[in-house]
Amino acid sequence: METVSFVILHYGDWKTTDTCVQSILKMEHQERIRLVIVDNDIQKSGRERKEFAVFYEGDPRISVLTIRENGGFSYANNQGYRYAREELESSYIIILNNDIEFPQRDFLKRLDESRGRYLCHILGPDIVRAGAGEHQNPMDVRLRTAEEARYTVRMNRLALAVYPAVYPLLRRKLKKEQEKKLRRKKEEEKFYQEIQENIVPFGACLVFTPDFVEKEELAFVPETRFFYEEYILAYRCQKKKYRIVYDPSLKVLHENGASTRKTYRNEKKRIKFMMERTKEAAEIYLEMITGG
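Cut-offs and rules
- Residues numbered from 1 in each chain as written.
- Predicted model: local features only at pLDDT ≥ 70, side-chain atom pairs only at ≥ 80, totals over all residues.
- Heavy atoms only, no water.
- Salt bridge = Lys/Arg side-chain N within 4 Å of Asp/Glu carboxyl O.
- Helix = DSSP H or I, 4+ residues; strand = E, 2+ residues; numbered from the N terminus.
- Buried < 20%, exposed > 50% of the residue type's maximum accessible area, 1.4 Å probe, protein only.
- Contact = heavy atoms within 4.5 Å.
- Patch = residues over 30% accessible without salt bridge, like charges linked within 9 Å, V, L, I, M, F, W, Y side chains within 5 Å.
- Areas by Shrake-Rupley, 256 points an atom, 1.4 Å probe, with all protein chains shown as cover.
- Expected span 1.5 Å × (residues − 1).
- Polar contact = N/O pair within 3.5 Å; in protein donor to acceptor, adjacent residues only side chain to side chain.
- Pairing = 2+ DSSP bridges.
- Right-handed = clockwise from strand over helix to strand, strands pointing away.

**Let's talk about the pattern of salt bridges**
Moving on, step 1. Here the structure, examined in full by the defined rule, presents 23 salt bridges.
Moving on, step 2. Here R115 makes a salt bridge to E2, at a shortest N to O gap of 3.4 Å. One end of the pair, R115, is in helix α4 (residues 107-118); the other, E2, is in the segment before β1 (4-10), with 113 residues separating them in the sequence.
Moving on, step 3. R236 serves as the salt-bridge partner of E216, at 2.8 Å between the closest nitrogen and oxygen. With E216 in the loop between α7 (210-213) and α8 (229-240) and R236 in helix α8, the pair connects residues that are 20 residues apart, well separated along the chain. The burial state of E216 is the same as that of R236; both residues are buried.
Moving on, step 4. The structure contains a network of salt bridges with shared partners spanning E2, R115 and D211.

**Here's the deal with the environment of V7**
Moving on, step 1. Tracing the sequence through the fold places V7 in strand β1.
Moving on, step 2. Taking C-alpha positions, V7 is 31 Å from E179, a pair spaced 172 residues apart along the chain.
Moving on, step 3. Discounting chain neighbours no more than four positions away, the residues touching V7 are V36, V38, N77, G80, Y81, A84, I93, I94, I95 and L96.

**Looking at the environment of L286**
Moving on, step 1. Position of L286 relative to the elements: it lies in helix α10 (residues 267-290).
Moving on, step 2. When its relative accessible area of 15% is taken as the criterion, L286 is described as buried.
Moving on, step 3. Sequence separation between L286 and R144 is 142 residues, and the spatial gap between their C-alpha atoms is 9.2 Å.
Moving on, step 4. If sequence neighbours within four positions are ignored, L286 has contacts with A146, A149 and R150.

**Considering a nonpolar patch on the surface**
Moving on, step 1. Together, Y151, M155 and L158 line one region of the surface with nonpolar side chains, adding up to about 310 Å² of accessible area.
Moving on, step 2. By the element assignment, M155 lies in helix α5 (residues 146-161).
Moving on, step 3. The class for M155 is partly exposed, based on a relative accessible area of 37%.

**A look at α10**
Moving on, step 1. Across its 24 residues, α10 extends 34 Å between first and last C-alpha, which sits within 8% of the 34 Å expected from 1.5 Å per residue.
Moving on, step 2. Residues of α10 that are buried: I271, F273, M275, R277, T278, K279, A281, A282, Y285 and L286.
Moving on, step 3. For α10, the side-chain oxygen to backbone nitrogen distance between the N-cap and K268 is 2.9 Å, and the N-cap itself is N266.
Moving on, step 4. Where α10 ends, the next residue or the one after it, G291, has phi of about 75 degrees, a positive value.

**Examining the pairing of β1**
Moving on, step 1. Most of β1 is tucked away: seven of the seven residues are buried.
Moving on, step 2. A two-sided burial pattern is seen for β1, the buried positions comprising V4, F6, I8 and H10 on one face and S5, V7 and L9 on the other.
Moving on, step 3. For β1 and strand β2 (residues 33-39), the ladder comprises seven bridges, and the chain directions are parallel. Residue pairing across strands places L9 opposite V38, the latter belonging to β2.
Moving on, step 4. Running through helix α1 (residues 14-24), the crossover from β1 to the neighbouring parallel element β2 is right-handed.

Purely geometric stuff here, so don't read any function into it on its own.
Have a look at this one:
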């Protein structure tokens, strides 16, 4: 029996995480399912984190890993991936944000069918933004070029140097970009109904198949604290000739950015955080693809 571990990155909101957990526990074939909740909320008190872990103690399918080091998104998910691979010996490992829900009770059956049909290393499901109906996967159909990464680093560095002055402009620019992106995705609805290969998968929900898990000790190498994980993963797979497939028969719902919004309620601070992490991650990606 091939077991499936769902590695859930918990951050910010307990209720959001439990909604995700309950949607998994409604699936068929529960005997195959394991849940690894990675508590990455290092800002919470020790008492609160202990209460969170104790809440799930009664269910043998659920393990809670409490992260102490502020290593970021990749680091925390790698701890969950390693635990699922080495301790639970899971065949499939699904890494997901805590604001993901699974509406398909037969998700595991669909997963087996998809893997058997496409013989791939990573599967990307159709990730639909709850309420808006926006399709978020694939994240991109190609890798970022070195020049695009350099541009991101330059512009973010410049904007951060004069951030208080440029914040109003950035806020308007981001809003316009989001509106433009949503319009384009609605126009390309047919694209999201078709199988796509060798794309850049959206990191809110990534399915690592046994073909990947057997060979790779970690999901994300090198690690970034936030952003660019998908491009680095896609580049790594390209170099190793691993196959990535987007399969719309697998569907999940995403409450986009729920944890980040609740942690950074001040939008000015949230945008600055995103720019800082994007700059750092783009630098790592650039070094990776250029060799230095």
